[in-house]
Amino acid sequence: MGGTLGVLLLATTGVGAWVYQHLDGNIHGANIGVDGVRPIKFSPGSKNILVVGSDSRAGANAKYGRRLTTMQSDTLIVLHIAANHEWATALSFPRDSWVQIPSCTRGNGTKSSPHHFKINEAFSIGGDSGDIAKAAACTIKTVEKNTGLRIDHFASVDFRGFKGMVNALGGIKVCPKYAIHDKKAHLRMKAGCQNVRGEKALGYVRTRYSVGDGSDLGRIGRQQEFMKTLAAKAQSKLTNPGVLYDFLDSATKSITTDKYLAGLKPLYDLAAIVKDIPTDRLTFLTVPNYSREADVPTDKANVVWQYPQASQLFSDLANDREIGAAGKKKLAEAAKHPITTRSVQVRVLNGAGAAGKKRLAEAAQQLRKLGFRVIATGDAPAIDKTVISYSPALKPKGEVLAARLSGIRTTESVGAGLGAVTLTIGPDFVSENAG
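Note that this is a predicted model, so its numbers are computed, not measured.

Thresholds, definitions, all that
Residues numbered from 1 in each chain as written. Predicted model: local features only at pLDDT ≥ 70, side-chain atom pairs only at ≥ 80, totals over all residues. Heavy atoms only, no water. 1 Å grid on protein atoms, 1.4 Å probe; cavity = no way out; pocket = protein on both sides within 12 Å on 5 of 7 lines; lining within 4 Å. Points joined across faces, edges and corners; volume = space filled by probe spheres on them. Helix = DSSP H or I, 4+ residues; strand = E, 2+ residues; numbered from the N terminus. Nonpolar A, V, L, I, M, F, W, Y, C, P; charged D, E, K, R; others polar. Disulfide = S-S within 2.5 Å. Buried < 20%, exposed > 50% of the residue type's maximum accessible area, 1.4 Å probe, protein only. Polar contact = N/O pair within 3.5 Å; in protein donor to acceptor, adjacent residues only side chain to side chain. Pairing = 2+ DSSP bridges. Axes fitted to C-alpha atoms, helices over the stretch in contact; angles between N-to-C directions. Contact = heavy atoms within 4.5 Å.

## Quick notes on the layout of surface pockets
And step 1. What the second largest pocket holds in volume is close to 970 Å³.
And step 2. Among the elements of the structure, β5 (98-101), α4 (132-147), β15 (303-305), α10 (309-318), α12 (356-370) and α13 (395-404) are those that each provide at least two residues to the lining of the second largest pocket.
And step 3. Residue composition of the lining of the second largest pocket, grouped by class: 16 nonpolar, 13 polar and 7 charged.

## Some thoughts on the state of the cysteines
And step 1. In total, this model carries 2 disulfides according to the counting rule given.
And step 2. A disulfide bridge connects Cys104 with Cys138, and the sulfur atoms are separated by 2.2 Å. One quick way to see it: the torsion about the S-S bond of Cys104 and Cys138 is about 85°, and its sign makes the bridge right-handed. You can see Cys104 sitting in the loop between β5 and β6 (115-118) and its partner Cys138 sitting in helix α4, a full 34 residues away along the chain.
And step 3. Since its relative accessible area comes to 2%, Cys104 is described here as buried.
And step 4. Sulfur-sulfur distance for the disulfide between Cys175 and Cys193 comes to 2.0 Å.

## Here's the deal with the side chain of Thr252
And step 1. Position of Thr252 relative to the elements: it lies in helix α8 (residues 241-254).
And step 2. Here Leu248 takes part through its backbone oxygen, which lies 2.6 Å from a polar atom of the side chain of Thr252.

## With respect to the sheet that holds strand β13 (residues 282-286)
And step 1. With mixed pairing, the 7 strands of this open sheet are ordered in space as β1-β12-β7-β2-β3-β4-β13. Of all strands in the sheet, those bounded by a partner on one side alone are β1 (28-30) and β13. Along the sheet, successive strands turn relative to each other by an average axial angle of 20°, direction set aside.
And step 2. Where strand β7 (residues 153-158) lies against strand β12 (residues 255-258), 3 bridges are found, and the strand directions are antiparallel. Along β12, the bridge assignment pairs Ser156 with Thr256.
And step 3. Strands β3 (73-81), β4 (88-92) and β13 of the sheet are contacted by α10, whose axis makes an angle of about 145° with β4.

This is how it looks when you write it as structure tokens:
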């Protein structure tokens, strides 16, 4: 949507000063401050833009969740624009992704505790008092911690602006295979192709439990298809000044960005970068994942990211390597056979002396909560830093453990033992609440 908006803004060049100033004034800018250590930017010429679908329940949006007092977000995407401006990747994060939520600053200035939960909770923690800058900061911090991607810009789009954009275009054509009756999304639709607008359009992209398998993954797919159709229709209306103005008016009113993107000029500049990217080099991906129930049988509500595929995907984007159609196909094939944590046997050893005995117990408990099979604990020669070791045959499983315990170095060794990955605790190990 940011790219589409930018392309449309190109068409406003030369319009009256009042129109320009009005649209420019619609865009809200937030002074977002992200604390703590942040990832290194390996490709300075590329851009990572975090896009959030914000469904605040304030004002006219109250009917979508009257008991909700914090800011909400169900859609989370990182748009990576390559340094050479020749390709881009839109990476979606399922809202039910079970990830590490770092300590964040709440609206009242207090700090939350690090823990594991759904990724979209980060927006609610920072936005518990309605401050979108803090909501954005906590979300950025969470995405950066779990992916290693340095986020350059932030943008959010809310409910009301979305409906206005669809209505300005006269609605969008969708073709559901089956009738949809979803009370939570306030939606009743018949099967077959039809034009949707207003509440029905919003309900269609929000519906989840009454379509397909009821998962957030299905909703992501519908949202991606809907937004591509909306973008194409918006660009087809470039020669209609009235429609174009109504669309841009709704779009700019619904957008909040970081202070560096806040305004028509920055968005115009962004459009100048992305407008020539061919459609076959704009790749839509979802972080590879599987049901957390495979790791923790009692959890039927969340998904976990699939490793080592997710790590490789994040590394490719961080280093500005194109995924493309071939990479997308490879991810789809790997998704058929995920390495679950329950399939990984771990030996946990204490290499921190007497002070490490408590850490050893905490580490074993944390791994069990994550679903790993801890088959043994014991002592090891003293080491300076925590290490994960594995035999060459167990490299994929070692990478799975390393991905779940970020920041721990790994080593591959023939003598590392057969059948199990070894985690040796050093004096630097700090357990996290795996919740």
